[in-house]
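Given next are the chains, with one letter for each unit.
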Amino acid sequence: LAVEDIKFAQTEDGQWDEAAIKKRDGRPRYTINRVAGAVDQLIGDQRQSRTDIKIRPESGQANEDIAKTMTGLIRNIESNSKAANAYANAYDEMVNGGYGGWRIVTEFNDDDAFEQDVKIKPIQGATTSLWFDVGATEYDKRDANWAFLTVDMDKGEYAERFPDAIISDFSQEQCNSTLCQSWVRENSVRVAEYWVKTPITKNIALLSDGRVIDVDEEKAVLDELAGQGITIKKQRKVDSNKIEMYLISGTSVLEGPKPWAGKFIPLIPVFGRQAHVEGKNYVRGLVRFAKDPARIYNYGTSTAIETTALTPKDPYWITAKQASGHEDRLANFNAKNSPFMFYNADPSVPGPPTRTGAPAVNSALLQQIQQASMDLYHVTGMQPPSLGANPELKSGKAIQAQERQGDRGSFIFNDNLAKSIEYGAEIIMDLLPRIYDTERQVRIMSQDGETESVEINQTVIDRQTGAEVLVNDLSLGKYAVVAETGPAFATQRQESAAQIIELIGTSPTFEALAMDLVAKDLPILESKELTKRVRKQMINQGIVEPTDEEIKALGLDQPQAPDPQQAAITENIEIQTEKLISDIESQDAKTLQTTVDTQNATIKAYKDLMDAYKTQAETGIAFTADDHNIRVKQQDIMEQAQQQIDEGPNKEQARSLVQGAVQAEEAAEQQSEGARRLTVQQPSASVGQDNL
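Nothing here was measured: the structure is a model prediction, and the numbers come from that model.

Please set out the overall build of the protein residue by residue, giving values where relevant.
In terms of helices and strands, the protein carries 23 helices and 19 strands. Residue burial in the protein is summarised as follows: out of 692 residues, 34% are buried. Contacts in the protein between residues at least 24 apart in sequence constitute 67% of all its contacts with a sequence separation of at least 6. Roughly 42300 Å² of accessible area belongs to the protein as shown, and the carbon and sulfur atoms make up 51% of that amount.

Describe a negative patch on the surface, and please don't skip the residues or the numbers.
On the surface, a cluster of negative charge is contributed by Asp216, Glu217, Glu218 and Asp437. Residue placement: Asp437 occurs in the loop between helix H15 (411-435) and strand S15 (440-445).

Tell me about the sheet that holds strand S3 (residues 116-122), and name the residues and values.
Spatial ordering of the open sheet is given by S3-S2-S10, a layout of three strands whose pairing is antiparallel. The strands lining the two open edges of the sheet, one partner per strand, are S3 and strand S10 (267-271). The sheet shows a mean angle of 20° between the axes of neighbouring strands, direction not considered. Both strand S2 (residues 99-108) and S10 contribute to a ladder of five bridges, which runs antiparallel. The residue of S10 that forms the bridge with Trp102 is Ile268. Running over the sheet, helix H5 (residues 83-97) touches S2, S3 and S10 and is turned about 160° from S2.

Any details on the packing of aromatic side chains? Residues and values, ideally.
A full pass over the atoms with the stated rule returns nine aromatic pairs. Their ring planes at 70° and their centres at 5.7 Å tell us that Tyr139 and Phe271 sit as a pair that is edge-to-face. Of this pair, Tyr139 sits in the loop between strand S4 (130-132) and strand S5 (146-154) while Phe271 sits in strand S10, placing them 132 residues apart in sequence. Across this residue pair, the class does not change: Tyr139 and Phe271 are buried. Taken together, Trp146, Phe148, Tyr194 and Tyr246 form an aromatic cluster joined through their ring pairs. For Arg34, the ring lying beneath its charged end belongs to Tyr297, and the centroid distance is 5.1 Å.

I'd love a proper account of the pattern of salt bridges, names of residues and values included.
The final tally for this structure, using the stated rule, is 24 salt bridges. Glu4 serves as the salt-bridge partner of Lys291, at 2.7 Å between the closest nitrogen and oxygen. Here Lys291, found in helix H9 (residues 291-310), pairs with Glu4, found in helix H1 (residues 2-10); they are 287 residues apart in sequence, far enough to count as distant. The closest approach of N and O atoms between Arg440 and Asp117, which form a salt bridge, is 3.0 Å. Of this pair, Arg440 sits in strand S15 while Asp117 sits in strand S3; the two residues are 323 residues apart in sequence, bridging distant segments of the chain. For the pair formed by Arg440 and Asp117, the shared burial category is buried.

Lay out the pairing of strand S9 (residues 253-260) with the relevant residues and their values.
As judged from the five bridges shared by strand S8 (residues 232-248) and S9, these two strands associate in the antiparallel manner. Note that in S9 the partner of Glu244 across the bridge is Pro259.

Quick one: what's the story with the packing of helix H3 (residues 34-47) against helix H13 (residues 363-380), residue by residue and with numbers?
In contact at an axis separation of 11 Å, H3 and H13 are set at 30° when each is read in the N-to-C sense. On the basis of their axis angle, the class for H3 and H13 is roughly parallel. Two packed elements cross with a definite hand, and for H3 against H13 that hand is right-handed. On H13, the residues touching Arg34, Val35 and Ala38 of H3 are Ser373, Leu376, Tyr377 and Thr380.

Can you explain helix H4 (residues 64-81)? Please cite residues and give values.
Across its 18 residues, H4 extends 25 Å between first and last C-alpha, which sits within 8% of the 26 Å expected from 1.5 Å per residue. When you tally the buried positions in H4, you get 13 out of 18 residues, the bulk of the element. The N-cap of H4, judged by a side-chain oxygen 3.1 Å from the amide nitrogen of Asp65 a few residues on, is Asn63. One or two steps after H4, the chain reaches Lys82, where phi turns positive at roughly 55°.

For a nonpolar patch on the surface, give the residues involved together with the corresponding values.
On the surface, a nonpolar cluster with roughly 230 Å² of combined accessible area is contributed by Tyr30, Ile32 and Ile305. Relative to the helices and strands, Tyr30 is located in the loop between helix H2 (18-23) and H3. By relative accessible area, Tyr30 is classed as partly exposed at 38%.

Describe the environment of Ile120, naming the residues involved and giving the relevant values.
Looking at where Ile120 falls in the secondary structure, it is placed in strand S3. A relative accessible area of 2% means that Ile120 is categorised as buried. Residues Ile120 and Thr106, 14 residues apart in the sequence, show an inter-C-alpha distance of 8.7 Å. With sequence-adjacent residues up to four places away left out, Ile120 is seen in contact with Ile77, Glu78, Ser81, Ala83, Ala86, Tyr87, Trp102, Arg103, Ile104 and Ile428.

About the thresholds
- Residues numbered from 1 in each chain as written.
- Predicted model: local features only at pLDDT ≥ 70, side-chain atom pairs only at ≥ 80, totals over all residues.
- Heavy atoms only, no water.
- Helix = DSSP H or I, 4+ residues; strand = E, 2+ residues; numbered from the N terminus.
- Buried < 20%, exposed > 50% of the residue type's maximum accessible area, 1.4 Å probe, protein only.
- Contact = heavy atoms within 4.5 Å.
- Areas by Shrake-Rupley, 256 points an atom, 1.4 Å probe, with all protein chains shown as cover.
- Patch = residues over 30% accessible without salt bridge, like charges linked within 9 Å, V, L, I, M, F, W, Y side chains within 5 Å.
- Salt bridge = Lys/Arg side-chain N within 4 Å of Asp/Glu carboxyl O.
- Lys, Arg positive; Asp, Glu negative; His and termini not counted.
- Charge placed at Lys NZ, Arg CZ, Asp CG, Glu CD.
- Pairing = 2+ DSSP bridges.
- Axes fitted to C-alpha atoms, helices over the stretch in contact; angles between N-to-C directions.
- Phe/Tyr/Trp six-rings, centres within 6.5 Å; stacked < 30°, edge-to-face > 60°.
- Lys NZ or Arg CZ within 6 Å of the ring centre and 35° of its normal.
- Parallel < 35°, antiparallel > 145°, perpendicular 65-115°, else oblique.
- Left-handed = near helix turned anticlockwise from the far one by under 90°.
- Expected span 1.5 Å × (residues − 1).
- Polar contact = N/O pair within 3.5 Å; in protein donor to acceptor, adjacent residues only side chain to side chain.

Given below as structure tokens:
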């Protein structure tokens, strides 16, 4: 059925079956291929979108850095393999017939190298060459225990490659009456890759550095690991599978078994619309249900054209007497388009020659053609609004919304492709630590197509512990695959630029901050050079931080020559600063001198007070409590002023200035002590001994 669907949509005469061709032998038979247009529209939508693979850390020692490396490595594998061609081929076959696929292979990356790379390869004609275990129930057939991939090989190539293999031991009767006849043709022999999954029990171990290894496979290096201080922490048996491939003909095994590094059969199917009814699986593409409306449309159109061609034109009804003498002119009447028609009056016929009207085409036939046309829209899901053909919609956004609404009926095809791409990435991720298992430099790719080289499985010495550590060890931890489908990156860039430009129109702030992003996303050939110039200006203005590459490219890591204008400004600032500091120091000195002068006055006042008390004592005047309080208060003022001087901005200068004042203070204290002794010797009646 899938083969018939593909022929129906894509071959020149595929929309007419043999019975219809025989019935219309010698009659008009036209093909108005409206099915191919619907298929092309769906394929065009797929070409404008891309499915992007992202690897995310899940458990164990998985981390974002290794996930980023894996993501970039898978993108680079897709780029080097031209995987877009494999995906497009599978999608085309799936939309037409309901089934397509591609494969994963490993190849040596050069003629003189021992390192292998992972590659994605298309499968041409998967409808007739890719077969899976009928007991598999998963969409992607990951649970299949076997699979076949067949190819027809030229007999000469077959004999050269397998000289000891017989071409066929089928009897003539078997070749004529069974399916075995397709294995041996006149010029070709069918050869098949037979992939088989065999259950096994593995002995795995968790190492002290976090890696999980197959003990049986890595037994030879356990001693070396122990010498590095890496030991087995845990060990257990698990149920697993081994994948092997045999190359077979219809009669014998030609090669194999050949072991496969991964745990999945590396064949990826892509299915269209699936249905499971009473234990039977039905698969179809876009064409299957469109065939009957297309046949009706083609048959009706051919019949209408035939009817129109055979229907006589609307003639003039004229008698022999009216035509007499004008036969030559009447014979060329249609060809010469004369504005005049001559005739003879005939009494038996009233008036000139007249038309009575041509026979009309059957209106029911025309209605049937119109109905078949609408049926084609309905069965394909490509409604007229999805084609942007609604005249009532004026804005571009409204038309796009209608187109997206029309695309919903065909979304299942894009979704199934994304699921298959995700499964393919899972197979590749399983292969990465097995194929890229040595220290090597690989190229990774970002979403915008930029590439960089990174080291994987690189052994470095930890400076803190002195132990050897593997950098970008792809075998550590578990990771999950996520597929995200959206517009192709070029389309995303255009949409991003349009949105940023719209934001710039709303605020000048966006214009100052986002011009490099606009330049980067503009769909022009010089976008990289424009972005480089814009970012250079923004870096000089301090708006954005330069990358490591920009620092090197702009010479920002080199000593910069001083700007004369900036140097003059800096020198002027230094001069002004020195003057300001000098003024401040001068002002501080004046302030300090004022404070010292005040302190000297305070000390002098205190000395004068003590002299007065001495004279008072000598004359016999009593030393009262008020006198005592005045002396204590004056002494406190003097001590507080001295403390402020000691805590000033320049203590050494302060101490130098008040050295004489301190000596005066000590003399005053001596005088005060003499006055106190004198007062005690001659106490006043009003001041008791305790108060003194």
